[in-house]
Amino acid sequence: MSFRRGESAVLTRFLPPVAIGVFVLVVGAVVAAASAQGTLGYDFLAYDRAVRRVLDGAPLYDPAIQQAGGFALFLYPPSFVLAMLPFGLVPSGVGTWIWLGLSVAALMAGIGLLPVRASVRWTVLLLAGLSWPVAYSLKLGQVGPELLLIFAIGWRWMDRPARLGLAGAVGAMIKIQPGILLAWALLTRRWRAVAIGVLALVVGAVVATAVAGGPSIWPDYFGILRNVNDPIATPHNFTPGAVAFQMGVPAGTAALLQVVSSIAVVGLVVVSALAWPATTSLLVAVVASQLLSPVLWDHYAMLLLVPIAFLLERGWWWTLAIPLATSVLVLPLGQPPILYPVAFWLTLLALLATGRRTAAERAVAPAEMAA
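Everything numeric in this text was worked out from a predicted model, so none of it was measured.

**Focus on the overall build of the protein chain**
Reasoning step 1: If you tally the helices and strands in the protein chain, you get 17 helices and 0 strands.
Reasoning step 2: The C-alpha radius of gyration of the protein chain comes to 21 Å, within 12% of the 21 Å expected for a compact globule of 371 residues.
Reasoning step 3: The principal-axis extents of the C-alpha atoms in the protein chain amount to approximately 75 × 45 × 45 Å.
Reasoning step 4: Long-range pairs, those at least 24 residues apart, make up 76% of the contacts in the protein chain with a sequence separation of at least 6.
Reasoning step 5: For the protein chain, the accessible surface area stands at approximately 16,100 Å², while carbon and sulfur atoms represent 70% of it.

**Quick look at the pattern of salt bridges**
Reasoning step 1: Across all of its chains, the model carries 3 salt bridges by this definition.
Reasoning step 2: One salt bridge connects Arg117 with Glu313, and the closest N-O pair in it is separated by 3.1 Å. Of the two residues, Arg117 sits in the loop between helix H4 (92-113) and helix H5 (118-130) while Glu313 sits in helix H15 (residues 305-313), which places them 196 residues apart along the sequence. You'll find Arg117 and Glu313 in the same group, each marked buried.
Reasoning step 3: Measuring nitrogen to oxygen at the nearest pair gives 2.7 Å for the salt bridge that ties Asp159 to Arg190. With a gap of 31 residues between them, Asp159 in the loop between helix H7 (144-156) and helix H8 (161-174) and Arg190 in the loop between helix H9 (180-187) and helix H10 (191-212) connect regions that are remote in the sequence.
Reasoning step 4: Note on Arg190: relative accessible area 19%, which makes it buried.

**Focus on the nonpolar core**
Reasoning step 1: Grouped together as the largest cluster of nonpolar side chains are 103 residues, with contacts concentrated most on Tyr47, Phe74, Phe80, Leu114 and Trp155.
Reasoning step 2: Residues contacting Trp155, with those up to four places away along its chain left out, are Leu114, Pro115, Val116, Thr279, Leu282, Leu283, Val306, Ala309 and Phe310.

Thresholds applied
Residues numbered from 1 in each chain as written. Predicted model: local features only at pLDDT ≥ 70, side-chain atom pairs only at ≥ 80, totals over all residues. Heavy atoms only, no water. Helix = DSSP H or I, 4+ residues; strand = E, 2+ residues; numbered from the N terminus. Rg over C-alpha atoms; globule rule 2.2 N^0.38 Å. Contact = heavy atoms within 4.5 Å. Areas by Shrake-Rupley, 256 points an atom, 1.4 Å probe, with all protein chains shown as cover. Salt bridge = Lys/Arg side-chain N within 4 Å of Asp/Glu carboxyl O. Buried < 20%, exposed > 50% of the residue type's maximum accessible area, 1.4 Å probe, protein only. Core = buried A, V, L, I, M, F, W, Y, C linked by side-chain atoms within 4.5 Å.

Quick look at the structure:
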């Protein structure tokens, strides 16, 4: 029985309150525990301190940083500081709670904008409530909810050049990886979206340069990225190569695995963009944006909720197992690091399978009409 045919009046009636209740209960418990332990907003404080350095006339970046993951390390593009400037006007503790509220709002808006049936959106909200990556991202004050909103906008309005272009540009200003939306637009010949996105990036870069310390911020930024983006030895990293290394594979072999994985991902992005349906290829790019990151934290897996929504809409109900494998339900049993690269690759392969099926259906249809 497919996900679509299995829907019932009971599910439609009870799914929304259950989804909301689970989200409030799980996320509320995680946030309350973090607040009590003094660990709420671990990553937000990096943004907050960066803004305060800029307002004090100090350098935006610390060139001595050698490894990602440390406390209050700002490793984001200079343009991101522009969005965070208002937080310099309030105490850090207040800013942490404001950012948490904005992040929850972004997550809700992103799920609400997903171009799928209402029942699928409620299912995604339930999955978000059960998701450890979602709760952990909110606890840290990470930008995952904002990126989920950006990817949802890109998907919903992929044929609206201004919205797609601005979504890709804003995403790239927050973190480099979402800029893949503009690469996808280029591959699919959405020229106006590319032009709008590039223009927005240029404007953002110029303003950030003027506000955040002058042209030197750019070599400082790329220098830090060069120092910290080790896809193999970075602790708590979940790239395929890093996980292999953690499992005892020699560093050289793990590095080769990472290179092979990255090349395969790039190839699939290009092939899907050129040959397969637009929605499938866009979501392949969304998954690829994270698999191509040299540092893949576990909370990045929250972004898989976007392609999972599409797969559920298509009736691929078994893909519920992908986010559930990293949910709070299995957290007490332990989550082997290999779960995360497997989750990303399994989602990618499922998308590719739907793309091949759709392409095959399109190829068969004209022949059937002719017959």
